[in-house]
Every structure is written in C-alpha cells, then in structure tokens.
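Commentary on secondary and tertiary structure
In case you want the letters, here they are:
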Amino acid sequence: MPPFPARGRRVLVTGASRGLGRALARVFAANGDRVAVHYGARRAEAERTLAALDGDGHALLGADLSDPGAAAGLADAAREALGGLDVLVNNAAVNTPHPPASTGFTAWAEAWRRHVDVNLLATAHVSHSAARWMIEQGTGGRIVNIGSRGAFRGEPDHPAYGATKAAVHALGQSLAVALAPHGIAVASVAPGFIGTERVAHRLTGPEGAAILAQSPYGRVADPDEIAAAVRWLASPEAEWSSGTVLDLNGASYLRT
C-alpha cells in the first residue's frame, strides 16, 4: 500500500454549511485538499462555505442524512465529485433540548428518533460507504468523528445528544479495529463548548458567564482549534492514534 498522502486528498465533511463544519472545510482546503461540502437544509450557507475555500476542485453536496439511503449515497456522490475519497469527517449532528422532567412523551420520542437517525445512524452509514470506497482504492484512508464532551459528562437537557455521541465514540473504536488491515485509521474528538453561530446567543445570555467559567481558561473553544486537531488526526502521522477519543474541552472536564 502506498504511503497515505499529506496533501491533495479528497475530503468529505458532513454538516459543513456553517460553524465547526465550515472551519473543518476551510482547514482542509488550506492544506491543499479538495473538499466536498455537505449540507442538509442550509444550501445558501453551504454555498458561502464553498466560496470561501482556498484552491479549486471543491464540490457542494446536499443530502438528508436522516434517510439511510441518502446517507450512504453521500459518500458515493463525494467520490464521484472528487474522483475518489481519502478522508471523511462526520460532523453533521442535531442537538435540540428535551429535558426529561418537562418534555411530553411524544416530543421526547421524536427527539430520540431524530438524534439517533442523524447523529448515530447517519455516521454509521456514511462511514460504511466511505470505507468501502477507500478499501477499493487500496490507498488507505482516514475517518474522523465529531463526538462530544457530553458523552462522558452527561447532558441533562439533551440526553439523546449525549447518548448518541457516546455511541459515536464506540462506533469509531469498532471501525478502527475493523478497518486497520486496510490502512484506514478512525478516530474521534470530544469537544466541549464551541463558540459557533448556533450557540452565540447562549454566550451572551444569562448563562453566558457560567458557560465561560466551565473552563479554567475562562473561554470556550474557537472552531478553528477543533478543526486543527481534526486535520492532524487525518494526517499520515496520526495513524497510530487510530481508535482514540481526543478530549478538546479546555480542561473543563477531566477523565482518566
């Protein structure tokens, strides 16, 4: 098997219309890679992500990842658009509140169904399809999953989010063992609070000070900090980190 390349790779980033997904797409494009920018419903924002990328040869791909067929087909579409697939970053996720003490059962069940469909099953389906193409290419590959600190710390108002992210970590470790003979390394990151557009109102609202105080640094993560770690996990040098779950939470939650 040839050495896994450091640049010029074909990269699929799911959920890349804004926030962390946009930062991920940018960091790979700046590295000289070609990026397939996936979006679910926010096409206009995804187009802005695409327009901001360095280099050329990038692609814009829409898919409803709650549909298993669409999730599996996304990797196929990325391979066709980019002429191959070397790196997959599973970033797409939903995270809507459903505190158990105040959520009715119908809304509770719907929240769980949506979180499982998008956060867990879509990650599994896109990974399966991407891995099959990487195996066929015979050049190895990288899969990096965006997990969460909440998988360890708990998410009292978002329990389905915490549970599905814990499952994503476990999925990544299983895939790491299964795909290593094919030169495919699989890892996950577990970020804490990230300062993205989606949660900006929480940082400036009544709970903002408490959120900032979660870390002894007195701040939250910048999306580019998380993206830099993901870029390293997708590098040739990171192969021996396959199976890891990398904490990226500014010492806001420590575990052994």
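I will try to describe carefully the structure that is included in this document. Small disclaimer: the values here were computed from a predicted structure and weren't measured.

Our next topic: the packing of helix α1 (residues 19–30) against helix α9 (residues 223–233). Contact pair α1 / α9: the axes reach a minimum separation of 8 Å and the direction vectors enclose 50°. In terms of orientation, α1 lies oblique with respect to α9. Every pair of crossing elements has a handedness; the one defined by α1 and α9 is right-handed. Between α1 and α9, the residues in contact are Gly19, Leu20, Ala23, Leu24, Arg26, Val27 and Phe28 and Pro223, Asp224, Ile226, Ala227, Val230 and Arg231, respectively. Of the residues assigned to the contact of α1 with α9, the class counts are nine nonpolar, one polar and three charged.

Only one face of strand β3 (residues 59–62) is covered, namely the face carrying Ala59 and Leu61; the face carrying Leu60 and Gly62 is uncovered. Of the pairings in the sheet, the one linking strand β2 (residues 34–39) to β3 comprises four bridges and is parallel in character. When the bridges of β3 are listed, histidine 38 appears paired with leucine 61. A crossover connection joins β2 to the parallel β3 through helix α2 (residues 43–51); in handedness this β-α-β unit is right-handed.

This paragraph deals with the packing of helix α4 (residues 105–137) against helix α6 (residues 159–179). Between α4 and α6, the shortest axis-to-axis distance is 9 Å and the interhelical angle comes to 15°. Here α4 lies roughly parallel to α6, going by the angle between them. Crossing handedness for the pair α4 and α6: right-handed. Here α4 contributes Trp108, Ala111, Trp112, His115, Val116, Asn119, Leu120, Thr123, Ala124, Ser127, Ala131 and Ile135 to the contact with α6, which in turn contributes Pro159, Ala160, Tyr161, Ala163, Thr164, Ala167, Val168, Leu171, Leu175 and Leu179. Looking at the contact of α4 with α6, its residues break down into 17 nonpolar, five polar and no charged.

The description of an aromatic ring pair rests on the distance of the ring centres and on the angle between the ring planes. Counted according to the given criterion, the structure contains one aromatic pair. Ring geometry for tryptophan 108 versus tryptophan 112: centroids 5.8 Å apart, planes at 55°, classification tilted. Pair noted here: tryptophan 108 and tryptophan 112 are both in helix α4, with a separation of four residues, about one helical turn. Owing to a relative accessible area of 24%, tryptophan 108 belongs among the partly exposed residues under this scheme. The ring of phenylalanine 4 is capped by arginine 142, whose NZ or CZ atom sits 4.3 Å from the centre of that ring.

Applying the stated criterion to the full structure yields 12 salt bridges. Across the pair aspartate 117 and arginine 113 runs a salt bridge, and its minimum N-O distance is 2.6 Å. Pair noted here: aspartate 117 and arginine 113 are both in helix α4, with a separation of four residues, about one helical turn. With a relative accessible area of 17%, aspartate 117 lands in the buried category. We note a salt bridge from aspartate 247 to arginine 255, for which the minimum N-O separation is 2.9 Å. Sharing partners across several salt bridges, the network here consists of Glu110, Arg113 and Asp117.

About the thresholds
- Residues numbered from 1 in each chain as written.
- Predicted model: local features only at pLDDT ≥ 70, side-chain atom pairs only at ≥ 80, totals over all residues.
- Heavy atoms only, no water.
- Axes fitted to C-alpha atoms, helices over the stretch in contact; angles between N-to-C directions.
- Helix = DSSP H or I, 4+ residues; strand = E, 2+ residues; numbered from the N terminus.
- Parallel < 35°, antiparallel > 145°, perpendicular 65-115°, else oblique.
- Left-handed = near helix turned anticlockwise from the far one by under 90°.
- Contact = heavy atoms within 4.5 Å.
- Nonpolar A, V, L, I, M, F, W, Y, C, P; charged D, E, K, R; others polar.
- Buried < 20%, exposed > 50% of the residue type's maximum accessible area, 1.4 Å probe, protein only.
- Pairing = 2+ DSSP bridges.
- Right-handed = clockwise from strand over helix to strand, strands pointing away.
- Phe/Tyr/Trp six-rings, centres within 6.5 Å; stacked < 30°, edge-to-face > 60°.
- Lys NZ or Arg CZ within 6 Å of the ring centre and 35° of its normal.
- Salt bridge = Lys/Arg side-chain N within 4 Å of Asp/Glu carboxyl O.

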